[in-house]
Amino acid sequence: MPVADAKDGSAVPEPGAEGMDRPRSIEDELREQNERFSAAVENMSHGLCMFDADERMIICNVNYINIFCLDPKVMRPGIRFLDILRHSVDIGIASQSAEELYAIRKPYIDQAKASTYEETLSDGRIINISHRPLASGGWVSIYEDITEQRRAERDLKEQHRRFDAALANMSQGLLMYDADGRLIVRNQRILELYGVSEADLPLGMGLRELLERLVRLGVYPPIDIDGEVLKTEARLQVGQTRSTPRQLADGRTLMIARRPMSGGGWVATFDDVTESRLVEERMTHLAHHDTLTGLPNRSMLRERLDQALEDATSPLAIFSLDLDRFKAINDTMGHPAGDWLLKSVAERLRRCLRDETDIVARFGGDEFVIIQSNFKDLVDAEKLAKRIVETIAQPFRDKSREMHVGISLGIAVFPNDGRDADTLLKNADTALYRAKSEGRNLYRFFEPAMDATVQARRALEVDLETALPRHEFDLDFQPIMNIGSGGIVGAEALMRWHSPTRGTVAPDNFIPVAEETGLIVPLGEWALRKACVAAASWPSLRIAVNVSAVQLKSGGFPRSVISALAFSGVPASRLELEITETVLMDESETVLKTLRQLRGLGIRIALDDFGTGYSSLGYLRRFPVDKIKIDRSFIRDIGNRDTAAIVRTVIGLGAELGITVTAEGVETEMQFDFLRANGCVEAQGYLIGVPSKAADIQRLLKSRALHSQTG
Ligand code: C2E
Ligand code: MG
Ligand code: MG
């Protein structure tokens, strides 16, 4: 058979060069056929080698030579198969001996049986050899380098292994659907999350089937399956990957994220967010509620108010509430009692609300705010306000004690008193402020004029703040006379504010403001020092200085008293501190302790404005004062029989207890005579002397001394 004669460097025979014009002979045909065969062999992508019955090579192609790195010169037709094997061993490409390789092949050659096997070369390449017997005896072998293919397969396998491992170890559940919407992957975790078996979720099922199955198994509560499927498909279509929560029948919540895959289909991952949801809910509750009372807090009320205003079609009433006397209870009975009271108040307020949409919130401290929706006219708001005042006025009974508080309310109405939350809350506060100042335990509706009052008050606060550093304050002194001897025994320091813009402001107009802003502490300290310095030049007089409760509670008060005495050189026994009943009403231990401490230094304590407060006598027992100053309203009314009786009683009481009694506001001889006749110790008032400059007191003392000498 004139087949290929492999030439140097190539196993491809040279094509014949005969012309085409000659008549075609059988030989020609054969030759052509041969050439076509050779060309086909040469152009095939695999290696090929053909052997005759004597195991001699008939033909091989370049690919074959290349795969085994054989020497083309050796690979001539006619070479025996075993010699090829030997050659391959010689050049070091075979990984086994020629005999071993031959032994592997021999049975196939002998049996004339088709077979396929792999041979690994010494360089690691894997060659797939397909052995085909020929009818004429001999065989054809096709060689293919499958190293790459094998590596890819191995890689793929490894990838699969990793994917499986990842799937199995995921904390999330996972379902994967193919482009046809069939379930193709599900991991162990999703079965755990659903509490189902593999058989419950067979691969190949569609989303609808899966949902139906889960509902049937009681994993999902009944759901609108058609809607779910449509929604999911629509989302996937637009490539949305939004996570959606899904509530399971047992109350757990799964967060499901679906992502479309590039080749169609999608992956859904499932997270059990039950715990974090609970925590989250708890956090939002905490963020929106007051921990003590459980009522909504300021931020939540704001949210609800903004919302209510947004879709308000009817009026709304905003109530600003503030407990009366809460601070005293908190201070005297302690914080646990205060907390208990606040909780009880919160509960009562909640019960006062009639409409479900009404909200009561705690704004902090003893402040509350109510939104009353669905109210038709002011009467509705008024009814609620009355109900609240009455309810809170009822005593609060703890196991061991009874507490009494009151509540004041300010009411602003939408839309009349404001259209936004800020304005409404501010105006309700303004009305509350008015209610407080008018006597507490009552309610007031907002009126625009109130706003002006508040504005004026703010302006006053601002002016007052700068008045001290600008030296706008001054002290006047009012003489106090001993009725028996007719001599001036003391002087009371009275503060004056000379404002460049406001003129002289009376203390009644700025002291309360200074008390509220805390300015009274430095201001009072200044007055104390200034009064002591003035008194140093009147060795015979006692100096009386008014002290506010705020000062006494401020902590550093005894120190500032001692410092004023030391600075001026005035002995403690000449200093008299005037306190009001409210100081003693504030039953906190610190105030009493401070007073005792001061008294221990030899300083006298006077109870000012006696008779204007509450149950005055009780307080006398709590703290033994040195002096009582009967309020000038009693002296003014002394012509009245009952008032005269009260004054007489107080004078008698003072004598009995060894307390000096001073009558304030003595303006007439008649009043003076009455006091003298009834044994009142001291008198103070315009009749004796108006509040004057320190120098005038000096002059007064001199003239008196002169008078007593000459008279
Ligand atoms: P107060 O301590 O009761 O002072 C007596 C007030 O009665 C003074 O009013 C005085 O001017 C006034 N007054 C005296 N005699 C008569 C009179 O015959 N008739 C009438 N109608 N009034 C008379 P003022 O100076 O306006 O002080 C008012 C209140 O301001 C004082 O009442 C006192 O509570 C407070 N205050 C004054 N200075 C100070 C101070 O330095 N510190 C503190 N915390 N409070 C002060
Ligand atoms: Mg006074
Ligand atoms: Mg007074």
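So, how was this worked out
- Residues numbered from 1 in each chain as written.
- Chains lettered and ligands numbered in written order.
- Predicted model: local features only at pLDDT ≥ 70, side-chain atom pairs only at ≥ 80, totals over all residues.
- Heavy atoms only, no water.
- Near = heavy atom within 4 Å.
- Polar contact = N/O pair within 3.5 Å; in protein donor to acceptor, adjacent residues only side chain to side chain.
- Areas by Shrake-Rupley, 256 points an atom, 1.4 Å probe, with all protein chains shown as cover.
- Helix = DSSP H or I, 4+ residues; strand = E, 2+ residues; numbered from the N terminus.
- Donors = N, O, S within 2.8 Å, 3.2 Å for Na, K, Ca; no water.
- Domains from an automatic or database assignment.
- Phe/Tyr/Trp six-rings, centres within 6.5 Å; stacked < 30°, edge-to-face > 60°.
- Buried < 20%, exposed > 50% of the residue type's maximum accessible area, 1.4 Å probe, protein only.
- Pairing = 2+ DSSP bridges.
- Axes fitted to C-alpha atoms, helices over the stretch in contact; angles between N-to-C directions.
- UniProt positions renumbered as here; feature names shortened; annotations may be inferred.
- Core = buried A, V, L, I, M, F, W, Y, C linked by side-chain atoms within 4.5 Å.

Break down the site of ligand 1 for me, with residues and values.
Neighbouring ligand 1 are 21 residues; Gln478, Asn546, Asp608, Arg632 and Glu667 lie closest to it. Here a nitrogen atom of ligand 1 and a side-chain polar atom of Glu667 are 2.5 Å apart. Alone, ligand 1 offers 790 Å² of accessible surface; in the complex the protein occludes 87% of this. Residue assignment for the shell around ligand 1 shows that the elements contributing at least two residues are strand E19 (488-499), helix H16 (507-517) and strand E23 (604-610).

Tell me about the coordination of the magnesium ion (ligand 3), and please be specific about residues and values.
For the magnesium ion (ligand 3), the full set of protein donor atoms is Asp608 (OD), Asp609 (OD), Glu664 (OE) and Glu664 (OE), and the range of their distances to it is 1.9 to 2.5 Å. Each donor residue of the magnesium ion (ligand 3) belongs to the same chain, with the gaps between them written as D-D-x54-E. In this structure the magnesium ion (ligand 2) is found 4.1 Å away from the magnesium ion (ligand 3), and Asp608 serves as a bridging donor for the pair.

I'd love a proper account of the domain arrangement of the chain, names of residues and values included.
By domain assignment, the chain separates into domain 1 (34-149), domain 2 (162-275), domain 3 (287-446) and domain 4 (467-710). Placing the centre of domain 2 and that of domain 3 at their C-alpha centroids yields a distance of 49 Å.

Describe in detail the packing of aromatic side chains, supporting the description with residues and values.
Across all of its chains, the model carries 17 aromatic pairs by this definition. With a centroid separation of 5.3 Å and 85 degrees between ring planes, the pair formed by Phe81 and Trp139 is classed as edge-to-face. Taken together, the residues Phe81 in helix H3 (residues 81-90) and Trp139 in strand E5 (residues 139-145) connect sequence positions 58 residues apart. Taken together, a centroid distance of 5.7 Å and an interplanar angle of 80 degrees make the contact between Trp497 and Phe510 edge-to-face. Taken as a pair, Trp497 in strand E19 and Phe510 in helix H16 lie far apart in primary sequence, 13 residues in all. The buried category is assigned to Phe510, whose relative accessible area is 0%.

Quick rundown of the sheet that holds strand E9 (residues 253-260)? Include the residues and the values.
A sheet is described by the order of its strands in space; here 5 strands give the open sequence E7-E6-E10-E9-E8, paired in antiparallel fashion. Looking at strand neighbours, the two that pair on one side only are strand E7 (183-186) and strand E8 (243-247), the edges of this open sheet. Geometrically, the sheet is characterised by an average inter-axis angle of 25 degrees between neighbouring strands, direction not taken into account. Judged from the 5 bridges that link them, E8 and E9 form a sheet pairing that is antiparallel. Bridging from a neighbouring strand, Thr244 pairs with Ile256 of E9.

How would you sum up the UniProt feature "domain: PAS" (unreviewed entry) in the chain? Please name residues and give values.
Cross-referencing UniProt, the feature "domain: PAS" (unreviewed entry) maps to residues 159-201 in the present numbering. Within the segment residues 159-201, helix and strand shares are 42% and 21% respectively, and the terminal C-alpha atoms sit 24 Å apart.

Please provide a residue-by-residue account of the nonpolar core, values included.
With 78 residues, the main nonpolar core has Phe477, Trp538, Leu575, Leu577 and Leu675 as its most contacted residues. With 8 residues, helix H17 (residues 520-535) is the largest single contributor of residues to this core. Core analysis: the next-biggest nonpolar cluster, separate from the first, contains 34 residues, Ile329, Ala337, Ala385 and Ile392 among them.

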